[in-house]
Amino acid sequence: MRFQDNWSPATLVSTRDLAPGIREFILRPDGYVCAPYAVGSHIKVGVLAAGQPDVRSYSLVGEADLRGYRIAVRFAEDSRGGSRYLWSLQPGARLDVASPTSLLQVDWQRPHYCLVAGGIGITPLVGAAHALLRKTPNVSLHYAVRSQGEAAYVDELSALLGDRLAVYAADQSQRLDLPGLFSGLPSGAAVLFCGPMRMLDAARSAWAACGRAPADLSYETFGSSGRLSTEPFKVRLRGSGEEIVVPRDRSMLDVLNVAGHEVMADCRRGECGVCAVDVVEVEGEIDHRDVFFSAEQKHDNRKLCACVSRAHGVVTIDTMERADAL
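Our subject in this report is the structure included herewith. In this text, all values refer to a predicted model and were calculated from it rather than measured experimentally.

So, how was this worked out
Residues numbered from 1 in each chain as written. Predicted model: local features only at pLDDT ≥ 70, side-chain atom pairs only at ≥ 80, totals over all residues. Heavy atoms only, no water. Helix = DSSP H or I, 4+ residues; strand = E, 2+ residues; numbered from the N terminus. Rg over C-alpha atoms; globule rule 2.2 N^0.38 Å. Buried < 20%, exposed > 50% of the residue type's maximum accessible area, 1.4 Å probe, protein only. Contact = heavy atoms within 4.5 Å. Areas by Shrake-Rupley, 256 points an atom, 1.4 Å probe, with all protein chains shown as cover. Lys, Arg positive; Asp, Glu negative; His and termini not counted. Charge placed at Lys NZ, Arg CZ, Asp CG, Glu CD. Pairing = 2+ DSSP bridges. Axes fitted to C-alpha atoms, helices over the stretch in contact; angles between N-to-C directions. Polar contact = N/O pair within 3.5 Å; in protein donor to acceptor, adjacent residues only side chain to side chain. Parallel < 35°, antiparallel > 145°, perpendicular 65-115°, else oblique. Left-handed = near helix turned anticlockwise from the far one by under 90°. Expected span 1.5 Å × (residues − 1).

**Here we look at the overall build of the protein chain**
Okay, so step 1: Scanning the protein chain from terminus to terminus reveals seven helices and 16 strands.
Okay, so step 2: Computed over its C-alpha atoms, the radius of gyration of the protein chain comes to 20 Å, within 12% of the 20 Å expected for a compact globule of 326 residues.
Okay, so step 3: Dimensions of the protein chain, computed from the C-alpha atoms along their principal axes, are close to 60 × 50 × 35 Å.
Okay, so step 4: A buried classification covers 53% of the 326 residues belonging to the protein chain.
Okay, so step 5: Taking the intrachain contacts of the protein chain between residues at least 6 apart in sequence as the baseline, contacts between residues at least 24 apart amount to 68%.
Okay, so step 6: On the protein chain, roughly 14,700 Å² of surface is accessible, and the fraction owed to carbon and sulfur atoms is 50%.
Okay, so step 7: Each charge class in the protein chain can be summarised by its mean position, and for the 35 positive and 39 negative side chains these summaries are 2 Å apart.

Here you go:
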């Protein structure tokens with residue numbers, strides 16, 4: 001596996017509401033040492049979802065903080081329950097966290113950096129802005145939100161970036177023009193993106209249409225953001241014909257493992273591809289919520305990342321198990 005998680009008991013030091021539906025949490029592991037971590041780092045947090053122990057990943061906000069790890073969580077009614085659990089906690093609560101890891105690759109030699117955030121996707125880009133500005137003043141941030149009141153960390157970012165920060169509020173009919181933004185970037189510019197899946201799809205399409213190199217667009221997303229609504233669906237196992245229901249508040253990966261069909265996993269964010277399973281048949285539609293597979297691979301529907309992707313209907317998969325090996 002790519003990461004070896006190093007878990008520690010931690011204390012919820014404090015919380016504060018940043019905007020309607022967005023809350024910041026400071027988590028301090030026992031024996032915490034304030035040490036630098038890579039741009040785009042996230043931590044795994046142990047939660048209770050539907051009464052069962054589970055794990056969620058959250059991007060770290062800003063850079064190393066003397067108080068502990070800083071995360072921001074949007075309360076999502078249609079999520080798998082992680083946000084609901086964290087929002088139920090009060091300062092002093094105990095929970096487990098893993099040490100920071102990052103999958104985001106940053107080329108520190110670029111002449112210009114453009115950061116693009118959608119909603120809660122701002123969280124990893126706060127630290128990125130701080131770090132990049134120490135390398136070059138040519139850093140801009142474009143931040144799309146549903147309303148001005150939902151623009152978390154806008155005061156901190158405004159103080160940091162000044163007029164290099166642009167906020168686009170949908171309720172004020174302000175729209176982030178990705179094709180226009182990308183076509184106007186100077187040669188050699190790199191983009192760091194974090195936002196919901198539909199926005200990422202639009203960003204990748206606009207980037208390609210501008211003739212930009214795919215490697216110059218780095219991105220993260222969040223697995224709860226899909227094209228389709230989150231609802232229960234069925235997974236059918238090839239060979240045995242066994243059908244397993246994946247409820248709306250659990251992942252396919254978790255449900256398969258609980259049922260005794262072991263599927264390996266690593267990042268649990270739809271980024272590494274370790275949990276990919278073969279798709280045999282689809283009766284309905286798959287909602288690919290990963291960033292591991294290309295658009296063409298997703299269109300082919302031959303594989304899916306079990307940690308984040310979902311479906312409407314029934315998906316028949318092959319976990320490569322064989323009856324004589326069970």
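Further notes follow.
**Digging into the pairing of strand 12 (residues 233-237)**
Okay, so step 1: For strand 12, a buried count of four out of five residues is recorded, marking the element as mostly surrounded by other parts of the structure.
Okay, so step 2: In terms of strand pairing, strand 12 meets strand 13 (residues 243-246) through four bridges, oriented antiparallel. Residue pairing across strands places Lys234 opposite Val245, the latter belonging to strand 13.
Okay, so step 3: From the end of strand 12 to the start of strand 13, which pair antiparallel, there are five residues, and Gly239 there has a positive phi angle of about 95°.
Okay, so step 4: Pairing geometry for strand 12 and strand 16 (residues 310-318), over four bridges, is parallel. Each bridged residue has a counterpart across the sheet, and for Arg236 the counterpart in strand 16 is Thr316.

**Quick notes on the sheet that holds strand 12**
Okay, so step 1: One open sheet holds the five strands; their spatial order is 13-12-16-14-15, and the pairing between them is mixed. Looking along the sheet, the strands with just one partner apiece sit at the ends: strand 13 and strand 15 (303-305). Taken over all neighbouring pairs, the strand axes of this sheet differ in orientation by 40° on average, direction set aside.

**Examining helix 2 (residues 123-133)**
Okay, so step 1: For helix 2, a buried count of nine out of 11 residues is recorded, marking the element as mostly surrounded by other parts of the structure.
Okay, so step 2: All buried positions along helix 2 are accounted for by Thr123, Pro124, Leu125, Val126, Gly127, Ala128, Ala129, Ala131 and Leu132.

**A short note on the side chain of Asp54**
Okay, so step 1: Structurally, Asp54 is set in strand 4 (residues 52-59).
Okay, so step 2: Residue classification places Asp54 among the buried residues on the basis of a relative accessible area of 8%.
Okay, so step 3: Within the local environment of Asp54, its side chain forms a polar contact with the side chain of Arg250, the two groups lying 3.2 Å apart.

**What to know about the packing of helix 2 against helix 3 (residues 154-161)**
Okay, so step 1: Helix 3 packs onto helix 2 with a crossing angle of 15° between their chain directions and a minimal axis gap of 11 Å. When the axis of helix 2 is compared with that of helix 3, the two are roughly parallel. Crossing angle aside, the handedness with which helix 2 passes helix 3 is left-handed. Contacts between helix 2 and helix 3 involve Val126, Ala129, His130 and Leu133 on the former and, on the latter, Glu156, Leu157, Leu160 and Leu161.

**As for the sheet that holds strand 9 (residues 165-169)**
Hydrogen bonds along the backbone pair up the strands of a sheet, which may run parallel or antiparallel.
Okay, so step 1: Within the open sheet, the five strands sit side by side as 9-8-7-10-11. Their pairing is parallel. On the outer flanks of this sheet lie strand 9 and strand 11 (217-220), each paired with one strand and no other. The sheet shows a mean angle of 15° between the axes of neighbouring strands, direction not considered.
Okay, so step 2: Pairing between strand 7 (residues 113-118) and strand 8 (residues 139-145): six bridges, direction parallel. Counterpart to Ala117 in the pairing with strand 8 is Tyr143.
Okay, so step 3: Sheet strands in contact with helix 2 are strand 7, strand 8, strand 10 (190-194) and strand 11, and its direction is about 165° off that of strand 7.

**Considering helix 5 (residues 197-209)**
Okay, so step 1: Its 13 residues place the ends of helix 5 18 Å apart at the C-alpha level, agreeing with the 18 Å of an ideal helix rising 1.5 Å per residue.
Okay, so step 2: Those residues of helix 5 not exposed but buried are Met197, Met199, Leu200, Ala203, Arg204, Ala206 and Trp207.
Okay, so step 3: Contacts from the buried residues of helix 5 go to strand 7, strand 8, helix 4 (178-183), strand 10, strand 11 and helix 7 (295-300).
Okay, so step 4: With its phi angle positive at about 75°, Gly211 sits one or two positions after the end of helix 5.

**Some points on unusual backbone geometry**
Okay, so step 1: For Ser173, which is not glycine, the phi torsion reads 60° and is therefore positive.
Okay, so step 2: With respect to the secondary-structure elements, Ser173 resides in the loop between strand 9 and helix 4.

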